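Here are the chains, one letter per residue:
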Amino acid sequence: MRPDTIAVHAGRRPDPSTGAIAEPIHLSTTFLREPDGSFASGYIYSREKSPNRTNLEAALALMDGGADAAAFSSGLAATNAVLQTLRSGDHVICPKEVYYGTKKLLTQVFDRWGLTHTIVDTSNLDAVRAAVTPQTRLLWAETPSNPTLTVTDIAAMAEIARQANARLVVDNTWGTPMGQRVLDLGADIAMYSTTKYHGGHSDVLSGALVTRQADEWWAQIRLIQSTGGAVPSPFDAWLVHRGMASMVCRFRQQCASAQRVAEFLTTHDAVEAVHYPSLSSHPGHAIAARQMTLFGGMVAVQVRGGSAEALQLTGRVKLFTRATSLGGVESLIEHRKSVEGPESPTPDNLLRLSVGLEDADDLIDDLREGLSR
Ligand SMILES: *Cc1c(COP(=O)(O)O)cnc(C)c1O
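Residues numbered from 1 in each chain as written. Predicted model: local features only at pLDDT ≥ 70, side-chain atom pairs only at ≥ 80, totals over all residues. Heavy atoms only, no water.

Before we go on, may I ask you to explain the pattern of salt bridges in this structure?
A side chain of one charge can pair with a side chain of the opposite charge if their charged atoms are brought near each other. What the rule picks out here adds up to 16 salt bridges. Among the ionic pairs, R222 bridges to E57, the shortest N-O distance being 3.2 Å. Residue R222 is found in helix 8 (residues 216–228), and its partner E57 is found in helix 2 (residues 51–64); the two are separated by 165 residues along the sequence. A residue is classified by how much of its surface remains accessible, and R222, at 23% relative accessible area, is partly exposed. A salt bridge links R181 to D184; the shortest N-O distance between them is 3.5 Å. For R181, a relative accessible area of 31% gives the class partly exposed. Using a relative accessible area of 57% as the deciding quantity, one classes D184 as exposed. (Salt bridge = Lys/Arg side-chain N within 4 Å of Asp/Glu carboxyl O. Helix = DSSP H or I, 4+ residues; strand = E, 2+ residues; numbered from the N terminus. Buried < 20%, exposed > 50% of the residue type's maximum accessible area, 1.4 Å probe, protein only.)

Just to check I follow, could you spell out the packing of aromatic side chains for this structure?
Two measures describe an aromatic ring pair: the distance that separates the ring centres and the angle between the ring planes. Using the criterion set out here, one finds five aromatic pairs in the structure. Seen from their ring centres, F31 and Y43 are 5.4 Å apart, and the 40 degrees between their planes marks the pair as tilted. One end of the pair, F31, is in the loop between helix 1 (3–9) and helix 2; the other, Y43, is in the loop between helix 1 and helix 2, with twelve residues separating them in the sequence. Using a relative accessible area of 13% as the deciding quantity, one classes Y43 as buried. Ring centres of Y197 and F251 lie 5.0 Å apart, and the angle between their planes is 80 degrees; on these two criteria the pair is classed as edge-to-face. With Y197 in the loop between strand 6 (189–193) and strand 7 (207–211) and F251 in helix 10 (residues 247–266), this residue pair connects regions lying 54 residues apart in the sequence. Neither Y197 nor F251 differs from the other in exposure class; each is buried. (Phe/Tyr/Trp six-rings, centres within 6.5 Å; stacked < 30°, edge-to-face > 60°.)

I keep staring at the site of the ligand and nothing clicks. Help me out?
Surrounding the ligand, one finds 14 residues, the nearest of these being L76, D171, S193, T195 and K196. A distance of 2.6 Å separates a nitrogen atom of the ligand from a polar side-chain atom of D171. Across the shell around the ligand, the residue classes break down as five nonpolar, six polar and three charged. (Near = heavy atom within 4 Å. Polar contact = N/O pair within 3.5 Å; in protein donor to acceptor, adjacent residues only side chain to side chain. Nonpolar A, V, L, I, M, F, W, Y, C, P; charged D, E, K, R; others polar.)

Can you help me understand the confidence of the model for the protein chain in this one?
Reading predicted coordinates in detail is not appropriate for stretches of low pLDDT. The share of residues in the protein chain with pLDDT of 70 or more is 100%, and the mean pLDDT across the chain is 97. At the low end of the mean pLDDT range in the protein chain sits helix 13 (residues 336–340), at 86; at the high end sits strand 7, at 99. (pLDDT = per-residue confidence, 0-100.)

Which parts of the structure should I look at to understand unusual backbone geometry?
A negative phi angle characterises most non-glycine residues, just as the trans form characterises most peptide bonds. In this chain, T143 is followed by P144 through a cis amide linkage whose omega measures -5 degrees. Within the element layout of this structure, P144 appears in the loop between strand 4 (136–142) and helix 6 (154–163). Between N146 and P147 the backbone carries a cis peptide bond, its omega angle lying at 5 degrees. If you check the backbone angles, L149 has positive phi at about 55 degrees while not being a glycine. Following the sequence through the fold, L149 ends up in the loop between strand 4 and helix 6. Phi at S325 takes a positive value of approximately 80 degrees, unusual for a residue other than glycine.

Looking at this structure, how should I read the side chain of S331?
If you trace the backbone, S331 turns up in the loop between strand 10 (321–322) and strand 11 (332–335). Side-chain polar atoms of S331 contact the backbone nitrogen of G356, separated by 2.7 Å. A distance of 2.7 Å separates the side chain of S331 from the side chain of E358, its partner in a polar contact. If we skip the residues at most four places from it in the chain, S331 touches L319, F320, T321, S354, V355, G356, E358 and L363. (Contact = heavy atoms within 4.5 Å.)

I keep staring at a nonpolar patch on the surface and nothing clicks. Help me out?
Among the surface-exposed residues, I25, L27 and F235 lie close enough to one another that they form a single nonpolar patch of about 300 Å² accessible area. With respect to the helices, strands and loops of the structure, I25 is situated in the loop between helix 1 and helix 2. Owing to a relative accessible area of 34%, I25 belongs among the partly exposed residues under this scheme. (Patch = residues over 30% accessible without salt bridge, like charges linked within 9 Å, V, L, I, M, F, W, Y side chains within 5 Å. Areas by Shrake-Rupley, 256 points an atom, 1.4 Å probe, with all protein chains shown as cover.)

I keep staring at empty space enclosed by the protein and nothing clicks. Help me out?
Regions of empty space are outlined by a rolling probe, equal in size to a water molecule, passed over the atoms. For the structure on display, the rule yields one cavity of 30 Å³ or more. In this structure, the largest cavity spans a volume of roughly 30 Å³. Lining the largest cavity are V303, E309, Q312, L313, G370, L371 and R373. Where the lining of the largest cavity is concerned, the elements lending two or more residues are helix 12 (307–316) and helix 14 (360–371). Tallied by class, the residues present in the lining of the largest cavity amount to three nonpolar, two polar and two charged. (1 Å grid on protein atoms, 1.4 Å probe; cavity = no way out; pocket = protein on both sides within 12 Å on 5 of 7 lines; lining within 4 Å. Points joined across faces, edges and corners; volume = space filled by probe spheres on them.)

Hey, could you run me through the pairing of strand 9 (residues 298–303) in this one?
Within a regular strand, the side chains alternate between the two sheet faces. Counting buried positions along strand 9 yields six of six residues, so the element is predominantly enclosed. On strand 9, burial covers both faces: M298, A300 and Q302 on one face and V299, V301 and V303 on the other are all buried. The pairing of strand 8 (residues 271–275) with strand 9 spans four bridges and is antiparallel. Looking at the pairing, H275 lines up with A300 of strand 9. With five bridges joining them, strand 9 and strand 12 (residues 350–354) adopt antiparallel strand pairing. Paired with V299 across the strands is L353, a residue of strand 12. (Pairing = 2+ DSSP bridges.)

I would appreciate a short explanation of the sheet that holds strand 4 in the present structure.
Strand order in this open sheet of seven strands is 1-7-6-5-4-2-3, and the pairing throughout is mixed. A single partner strand is all that each edge strand has here, and the edge strands are strand 1 (68–72) and strand 3 (116–120). Geometrically, the sheet is characterised by an average inter-axis angle of 20 degrees between neighbouring strands, direction not taken into account. By the bridge criterion, five bridges tie strand 4 to strand 5 (residues 167–171) in an arrangement that is parallel. In the sheet register, E142 faces strand 5, and the bridge partner there is D171. In the packing of helix 2 onto the sheet, the strands contacted are strand 1, strand 6 and strand 7, and the crossing angle to strand 1 comes to about 125 degrees. (Axes fitted to C-alpha atoms, helices over the stretch in contact; angles between N-to-C directions.)

So this is what it looks like as structure tokens:
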């Protein structure tokens, strides 16, 4: 099946007991045991396995063409589970431009457990190769990355990981399963904050891992999921699964509008730089064109001037809402530097746009008016 069809049908069927077309929400934490002690339904206790989570995980695995998927209570809970499979003394390669929470887990949580890491620019493959040590067990990639949409060559990273006898995990939150097939490109696991495009309505915090192979490493991740307990509630699982039905369609529209917004911004006098991987001016364009089929709904723009000029635009726009996060139906605008703090390398004049489902012409008009001085 193709992605649009998978999105609508995966993990979904009319409820056998009532005929309900919309998936029922099973709140039960515990399930019936047969007189002989067996569990006919396969369900025992909801931390280990629960019906709404099972349906969601089936959809997640199909969407990425993976062997299996595990749903978590947040994107970072999914990342946390991956890191918890490692041992003290193991080494992780982490991108310089990476979601700040991923870096925080490595530098403020797992450093105490003896996990070592090297932070490198993963768009520079020689730097990645040079960072590999005999202890390297995990390569992490995030592409396109936050906030300047740096592109990393997934297939090349997978080859470096293979030669190092390490694993490659790709945070594909911005790429999405529609934009790039990271497992087909050789990644071992696709990691998602499903809070973003999968849920798609800014109303559920959740995460997921999708694996290429259901191997021993995956069994360890499943153990951490069910025993660590960072699982989504039945309602959260239901919301993400419901969001996924329209995800392919939403994302296609968001990419088309982001493309138009990015093209408009490149023509404006008040704009210094636009970061969007489909633009030929983007340093990662050639790799993006090879590994992505859609370029995403995120655009970064550097306004001429400094943080005052950037903040002025965020104050003037009417359709873009000032808020963090991404992937929802509503367009958002964010001054990244003030979120990340003074130590952040993000330029003062950079704004991050999450393009939503509004008419692209309205969004462009909004930015044009906001930029007029
Ligand atoms: C939001 C986000 C995360 C973290 O996910 P949560 O659901 O907020 O825990 C990780 N990576 C990327 C790229 C994100 O955008």
